[in-house]
Amino acid sequence: PVRQVEAAWRLAWSRAPGEDERVAAVNFLATQRDALRERAGAGPVAGVPAHPLAQSDPAAAAALADLCHALMNANEFVYLD
């Protein structure tokens, strides 16, 4: 998850995450993954396409997609200083 967070920050914002951002994002991934697993039960996880890479852990893939959506909707991505 730490490498995923760092890669997402670099791709979205062309910088590394700060320590507080890294911790918050890793915590989000774990919390979101667990919530998605709980919600899905034995069924498929909503929002995860039927793709071989997503099959290893669909809930983790969906949580990462949710984090990426949040990064793309952040003010830092939308507005220039």
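Bear in mind the structure is a predicted one, so any value in this text is a computation, not a measurement. Every chain is numbered on its own, with residues counted from 1 as its sequence reads. Residues qualify for local features only when their pLDDT is at least 70, as the model is predicted, and side-chain atom pairs are given and counted only at 80 or more; totals for whole chains, interfaces and linings, by contrast, use all residues. Side-chain measures here rest on the full set of heavy atoms in the structure, leaving out hydrogens and waters.

(A) Highlighting unusual backbone geometry. Even without being a glycine, Ser14 presents a positive backbone phi close to 55°. Remark: exposure states derive from per-residue accessible area (1.4 Å probe, protein chains only) relative to the maximum for the residue type, with buried under 20%, exposed over 50%, and partly exposed in between. The exposure class of Ser14 is exposed, given its relative accessible area of 65%.

(B) Spatial organisation of the pattern of salt bridges. A side-chain nitrogen of Lys or Arg and a carboxyl oxygen of Asp or Glu constitute a salt bridge if their distance falls within 4 Å. According to the stated counting rule, one finds 6 salt bridges in the structure shown. The partner of Glu6 in a salt bridge is Arg22, with the nearest N and O atoms 3.0 Å apart. Note that Glu6 is positioned in helix α1 (residues 2-13) and Arg22 in helix α2 (residues 19-40), a separation of 16 residues in sequence. What makes Arg22 buried here is its relative accessible area of 17%. A salt bridge links Arg15 to Glu21; the nearest nitrogen and oxygen atoms lie 2.9 Å apart. Overall, the relative accessible area of 24% leaves Arg15 in the partly exposed class. Owing to a relative accessible area of 23%, Glu21 belongs among the partly exposed residues under this scheme. Secondary structure elements are taken from DSSP: a helix is a run of H or I of four residues or more, a strand is a run of E of two residues or more, and numbering for both begins at the N terminus.

(C) Region of the structure containing the side chain of Arg22. Under this definition, polar contacts are N or O atom pairs within 3.5 Å; protein pairs additionally need one hydrogen-donor-capable and one acceptor-capable atom, and for neighbouring residues in sequence, both atoms have to be side-chain atoms. Here Pro17 takes part through its backbone oxygen, which lies 3.3 Å from a polar atom of the side chain of Arg22. The contact criterion used is simple: two residues touch if any of their non-hydrogen atoms lie within 4.5 Å. Excluding residues within four positions of it along the chain, Arg22 makes contact with Val2, Val5, Glu6 and Pro17.

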